[in-house]
Amino acid sequence: GMLRTEDHDRVRLLTFDRPEKRNAFDTALYRAVAAALDEARADDGIHVVGVTGAGTSFSAGQDLDEMAQLATAVDTGEAAESGFPALLDALQAFDKPLVAAVNGVAVGVGFTMLPHCDLVLASTDARFRAPFAPMGVPPEAASSYLFPLRMGWQQAAHVLLTGEWLDAAAAQQAGIVWRIVPGDGLVAEALAEATTIAQSPLSALRAIKGAMLAG
């Protein structure tokens, strides 16, 4: 399928797997990731979830081919629904630690999902972009709220108003990336971090994340 799932003891790794589309999100992938997060949340054997991308991209964001089809459908009065709200609901409901391993380009939703994660590791090749202003669309996934929270107002304003690229170092400086991993050790490092966290009781992890979110 377009989403690979593998369990490493109490850690479940989700890999966006549409490398030919740079792991862009179409409705099917939105729904698959949402369902996988809901399933992992309900499984007490899973303490931590990791997300990463296959190939050289993390995610290029919304699948623009599908976006065009949805727009055409709306124009002709057909029923058209993006899977995006399902993913956002699943991210917001996810009450366990969530670790992202950003292996390459993270654009649009590939970028705006990151403040919903508790730890973000990135490869030296990772690059980040929120292209909303140039595309003439409002920021999504609560990024207008979460980006200033993570980055500070001015950094967030710059990222959102210009749509310019951030490299891994700039994203770390901005507080979006916690750790940069050189070479191809990224996923292993993210799994090691997740495994350390997963040793603690699930009740404690849930309580800590819940208290942080409530704060």
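Procedures and definitions
Residues numbered from 1 in each chain as written. Predicted model: local features only at pLDDT ≥ 70, side-chain atom pairs only at ≥ 80, totals over all residues. Heavy atoms only, no water. Pairing = 2+ DSSP bridges. Helix = DSSP H or I, 4+ residues; strand = E, 2+ residues; numbered from the N terminus. Axes fitted to C-alpha atoms, helices over the stretch in contact; angles between N-to-C directions. Contact = heavy atoms within 4.5 Å. Buried < 20%, exposed > 50% of the residue type's maximum accessible area, 1.4 Å probe, protein only. Salt bridge = Lys/Arg side-chain N within 4 Å of Asp/Glu carboxyl O. Arc of directions from axis to C-beta. Core = buried A, V, L, I, M, F, W, Y, C linked by side-chain atoms within 4.5 Å.

1. Side note on the sheet that holds strand β10 (residues 179-181)
Sheets are built from strands that pair by backbone hydrogen bonding, the pairs being arranged parallel or antiparallel.
Move 1: As summarised here, the arrangement of the six strands in space is β1-β2-β3-β5-β7-β10, forming an open sheet in which the pairing is mixed. Strands with a single pairing partner mark the edges of an open sheet, and in this sheet they are β1 (3-8) and β10. Sheet twist, expressed as the mean angle between neighbouring strand axes with direction ignored, is 20 degrees.
Move 2: Pairing of strand β5 (residues 98-102) with strand β7 (residues 119-123) involves four bridges; the strand directions are parallel. Residue pairing for β7: V99 is matched across the bridge by L119.
Move 3: Packed on one face of the sheet, helix α9 (residues 186-198) meets β1, β2 (11-16), β3 (48-53), β5, β7 and β10 and runs near 160 degrees to β7.

2. Quick look at the pairing of β2
Move 1: Among the six residues of β2, six are classified as buried, and the element is accordingly described as predominantly covered.
Move 2: In this structure, β1 lies alongside β2, joined through six bridges in antiparallel fashion. For E6, the partnering residue across the bridge sits in β2 and is L13.
Move 3: Linking β1 to β2, which pair antiparallel, is a turn of two residues; within it D9 sits at a positive phi near 60 degrees.
Move 4: As paired strands, β2 and β3 are joined by six bridges and run parallel to one another. By the bridge assignment for β3, L13 is matched with G50.

3. Structural notes on the pattern of salt bridges
Move 1: With the rule as written, the count across this model stands at eleven salt bridges.
Move 2: The partner of R206 in a salt bridge is D95, and the shortest N-O contact between them spans 3.0 Å. Separated by 111 residues along the polypeptide, R206 in helix α10 (residues 202-214) and D95 in the loop between α3 (84-93) and β5 bring together distant segments of the chain.
Move 3: Since its relative accessible area comes to 26%, R206 is described here as partly exposed.
Move 4: Linked through salt bridges whose partners overlap, the residues forming this network are D7, R12 and D43.

4. What about the environment of L166?
Move 1: On the secondary structure map, L166 appears in strand β9 (residues 166-167).
Move 2: C-alpha of L166 to C-alpha of F128: the two residues are 38 residues apart in sequence and 5.0 Å apart in space.
Move 3: Beyond its immediate chain neighbours, meaning those up to four positions away, L166 contacts F111, A126, R127, F128, Q155, V159 and A171.

5. Here we look at the sheet that holds strand β4 (residues 57-59)
Move 1: The strand order across the open sheet formed by four strands is β4-β6-β8-β9, and the pairing between neighbours is mixed. Lying at the two open borders of the sheet, with one neighbouring strand each, are β4 and β9.
Move 2: Sheet analysis places strand β8 (residues 127-129) next to β9, joined by two bridges and oriented antiparallel. For F128, the partnering residue across the bridge sits in β9 and is L166.

6. Some thoughts on α3
Move 1: Listed as buried for α3 are F84, L87, L88, A90 and L91. The arc that holds the buried residues of α3, viewed along the axis, is 165 degrees, so those residues lie on one side.
Move 2: Buried positions along α3 lie against α1 (27-42), β5 and α4 (109-112).

7. Looking at the nonpolar core
Move 1: L37, V102, F111, L114 and F128 are the most contacted members of the largest nonpolar core, which has 46 residues in total.
Move 2: Broken down by element, this core gets its largest block of residues, seven residues, from α1.
Move 3: Each residue touching F128, except ones within four places of it in the same chain, is listed here: V102, A106, F111, L114, A122, E164, W165, L166, D167, A168, A171 and V177.

8. A short note on unusual backbone geometry
Move 1: At R22, a position not held by glycine, the phi torsion is positive, near 55 degrees.
Move 2: As for its placement among the helices and strands, R22 is situated in the loop between β2 and α1.
Move 3: Of note in this structure, N23 is not a glycine but carries a positive phi near 55 degrees.
Move 4: Looking at the secondary structure, you find N23 in the loop between β2 and α1.

Purely geometric numbers; function is a separate question.
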